[in-house]
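Single-letter residue listing:
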Amino acid sequence: MPTLALPSLEATERFAAAVAPLLRDGDVIELIGDLGAGKTTFTGALARALGSFEPARSPTYTVAHRYELPDGRWLAHLDCYRASGPLDAAAWGDVEPYFDGGIACVEWPDAIRPWIADRPTWRVQLALVDLGSRTARVEAPADRAQALVDAVLDAARGAAGGAHASDRHELR
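Residues numbered from 1 in each chain as written. Predicted model: local features only at pLDDT ≥ 70, side-chain atom pairs only at ≥ 80, totals over all residues. Heavy atoms only, no water.

Focus on the overall build of the protein
Of regular secondary structure, the protein possesses 4 helices and 7 strands. Listed by position from the N terminus, the elements making up the protein come as β-α-β-α-β-β-α-β-β-β-α. Taking all 172 residues of the protein together, the buried fraction comes to 45%. Here the analysis covers contacts within the protein between residues at least 6 apart in sequence; of these, 64% occur between residues at least 24 apart. Looking at the protein as shown, the accessible area adds up to about 8,100 Å², and 54% of this sits on carbon and sulfur atoms. (Helix = DSSP H or I, 4+ residues; strand = E, 2+ residues; numbered from the N terminus. Buried < 20%, exposed > 50% of the residue type's maximum accessible area, 1.4 Å probe, protein only. Contact = heavy atoms within 4.5 Å. Areas by Shrake-Rupley, 256 points an atom, 1.4 Å probe, with all protein chains shown as cover.)

Quick look at the structure:
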């Protein structure tokens, strides 16, 4: 997937809205990016696109939040920043319930990667360009990769007023 320009919060909302319909129960979304890159912003946009009315909060100190969705599922939001290495079995046992019955977004996922190897995993890499503007790269599970490309390009075309957006890969 090429790099997408997300020059505004509205563009991030459109990007999340393009991804949301492709997600399935059990999916894990690895959120990659420096502090302030927009991982929680993306998760909040995704929660709204999935129908949650709860405000997104960073789970840095609480480790995890769960956002209820109208269809009875949830979107879990975890932050493994403070983990000093891969989680042991006891620590995994504390967070494993967040991965059952919904979709999980994980900031700083290295600590849990051994435990989620068998789950459908997305990777969203975000980078801050300047205040309010970022770039995104996303990788989808193989069975949904083409659908992701189509959804993002459709969103970009709509944001550009129907213009051919595949040349610039920008969601406005």
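Brief notes about the nonpolar core
Ranked by size, the top nonpolar core spans 32 residues in total, and within it Phe15, Ile29, Leu46 and Trp122 carry the most contacts. Formed by 15 residues, the second largest nonpolar core is a distinct cluster that contains Leu78, Leu87, Ala104 and Val106. (Core = buried A, V, L, I, M, F, W, Y, C linked by side-chain atoms within 4.5 Å.)

Quick word on the pairing of strand S2 (residues 28–32)
Most of S2 sits inside the fold, with 4 of its 5 residues counted as buried. Looking at chain direction, S2 and strand S5 (residues 102–107) are connected through 4 bridges and run parallel. By the bridge assignment, Leu31 is partnered in S5 with Glu107. Of the strand pairs in this sheet, S2 and strand S6 (residues 121–130) are connected by 5 bridges, and their pairing is parallel. Along S6, the bridge assignment pairs Glu30 with Arg123. (Pairing = 2+ DSSP bridges.)

Quick word on the pattern of salt bridges
If you walk through the whole model with that rule in mind, you get 10 salt bridges. Ionic pairing is found between Glu30 and Arg123, a salt bridge with its closest N-O pair at 3.0 Å. In this pair, Glu30 sits in strand S2 while Arg123 sits in strand S6, placing the two residues 93 residues apart along the sequence. Since its relative accessible area comes to 28%, Arg123 is described here as partly exposed. (Salt bridge = Lys/Arg side-chain N within 4 Å of Asp/Glu carboxyl O.)

Comments concerning the sheet that holds strand S7 (residues 133–139)
By way of backbone hydrogen bonds, the strands of a sheet pair with one another, either parallel or antiparallel. Across the sheet, 7 strands lie side by side as S1-S7-S6-S2-S5-S4-S3; this open sheet has mixed pairing. Since the sheet does not close on itself, it has two edges, and those belong to strand S1 (4–6) and strand S3 (64–68), each with one partner. Neighbour-to-neighbour, the strand axes of this sheet turn through a mean angle of 20°, independent of strand direction. Along the sheet face, helix H1 (residues 9–19) touches S1, S6 and S7 and points at about 130° away from the line of S1. (Axes fitted to C-alpha atoms, helices over the stretch in contact; angles between N-to-C directions.)

Looking at the environment of Glu54
Relative to the elements of secondary structure, Glu54 occurs in the loop between helix H2 (39–49) and S3. Taking the relative accessible area as the measure of exposure, Glu54 reaches 29% and is therefore partly exposed. For the pair formed by Glu54 and Leu69, sequence separation is 15 residues and the distance between their alpha carbons is 9.3 Å. The residues touching Glu54, leaving out its near neighbours within four places in the chain, are Arg66, Tyr67 and Glu68. Only 2.8 Å separates the side chain of Glu54 from the backbone nitrogen of Glu68, close enough to count as a polar contact. (Polar contact = N/O pair within 3.5 Å; in protein donor to acceptor, adjacent residues only side chain to side chain.)

It is worth stressing that arrangement in space is one thing and function is another; only the former is reported here.
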